[in-house]
Amino acid sequence: MIISKKSLIISILFLQCNSFIYNKNNVAFQICEFNPQRDTQEILDLFEQNWHRLVEGNDKALPPFMLKYRSHDTNPENFGSLYFKIIRENDQLAGFAAYYLEKPTTGQLLLLAVGQNFRGKGYGTLLMKEAMRELFTLGADHISLWTDPDNYHAHRIYENLGF
């Protein structure tokens, strides 16, 4: 699935960390940058709960490696190139998006995960919009992603965003 910058006519909500937004149920949430000390274990727990949707194969060393080196692969030239956006609700990790520039003008959404207790609140869409905004700011003019063919909830998010 690919979306181009030109086709992104939707408004993208830009949220700063520490700016609280209240959803329709008056639940406080925020989108912020990855903080290794705060977020690593919670992201690893979310990986474990959603392994079949997030990772091909059984390489349990992959998520900790990605978080430690902020890289989508083991090439040292790519260390530090993987970006994360975190969504927190009442100081609990609700979900995250991981993305990178595959080429100077090609963004790649690598991972999108929302915890089961936080689904249905629009958090996946908010994370996608923020990841897309940042990729376009970094120079991407189109974004691609891969998804599990059976992940219908993710498909709905992607299709609503123009993928």
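Heads up: the structure comes first, above all this text.
Here the structure is a predicted model, which means the values were calculated and not measured.

(A) Spatial organisation of the pattern of salt bridges. Per the stated rule, a full pass over the model turns up 9 salt bridges. When the shortest N-O distance is used, the salt bridge between Asp 39 and Arg 88 registers 2.9 Å. Linking Asp 39 in helix H1 (residues 36-49) with Arg 88 in strand E4 (residues 83-89), this pair joins segments that are 49 residues apart in sequence. Both residues of the pair, Asp 39 and Arg 88, count as buried. Two residues, Glu 89 and Lys 121, come together in a salt bridge whose shortest N-O distance is 2.9 Å. In this pair, Glu 89 is assigned in strand E4 and Lys 121 in the loop between strand E6 (106-114) and helix H4 (123-137), connecting sequence segments 32 residues apart.

(B) Broad picture of the side chain of Ser 71. Looking at where Ser 71 falls in the secondary structure, it is placed in the loop between helix H3 (62-69) and E4. When its relative accessible area of 0% is taken as the criterion, Ser 71 is described as buried. Side-chain polar atoms of Ser 71 contact the backbone oxygen of Asp 73, separated by 2.6 Å.

(C) Representation of the pairing of E4. Of all 7 residues that make up E4, 6 are buried, and the element is covered over most of its length. In this sheet, E4 lies alongside strand E3 (residues 28-33) in antiparallel orientation, the contact comprising 5 bridges. Across the sheet, Phe 29 pairs through a bridge with Glu 89, a residue of E4. Pairing between E4 and strand E5 (residues 92-103): 7 bridges, direction antiparallel. When the bridges of E5 are listed, Lys 85 appears paired with Ala 97. Counted along the chain from E4 to the antiparallel partner E5, the turn is 2 residues long, and its residue Asn 90 has a positive phi close to 50 degrees.

(D) Summary view of the layout of surface pockets. Empty space within the largest pocket amounts to approximately 1,100 Å³. Forming the walls of the largest pocket are 38 residues, and the residues nearest its centre are Arg 53, Leu 112, Asn 151, Ala 154 and Tyr 158. Elements represented by at least two residues in the lining of the largest pocket include exactly helix H2 (51-54), H3, E6, H4 and helix H5 (152-160). Classifying every residue of the lining of the largest pocket by side-chain character gives 19 nonpolar, 12 polar and 7 charged. In this structure, the second largest pocket encloses a volume near 190 Å³. Around the second largest pocket sit Glu 42, Asp 45, Leu 46, Gln 49, Gln 92, Leu 93, Gly 115, Gln 116, Asn 117 and Phe 118, which together line it. Those elements that provide at least two residues to the lining of the second largest pocket are H1 and E5. Among the elements that make up the lining of the second largest pocket, the one with the highest residue count is H1 (4 residues). For the lining of the second largest pocket, the class distribution of residues is 3 nonpolar, 5 polar and 2 charged.

Conventions used here
Residues numbered from 1 in each chain as written. Predicted model: local features only at pLDDT ≥ 70, side-chain atom pairs only at ≥ 80, totals over all residues. Heavy atoms only, no water. Salt bridge = Lys/Arg side-chain N within 4 Å of Asp/Glu carboxyl O. Helix = DSSP H or I, 4+ residues; strand = E, 2+ residues; numbered from the N terminus. Buried < 20%, exposed > 50% of the residue type's maximum accessible area, 1.4 Å probe, protein only. Polar contact = N/O pair within 3.5 Å; in protein donor to acceptor, adjacent residues only side chain to side chain. Pairing = 2+ DSSP bridges. 1 Å grid on protein atoms, 1.4 Å probe; cavity = no way out; pocket = protein on both sides within 12 Å on 5 of 7 lines; lining within 4 Å. Points joined across faces, edges and corners; volume = space filled by probe spheres on them. Nonpolar A, V, L, I, M, F, W, Y, C, P; charged D, E, K, R; others polar.

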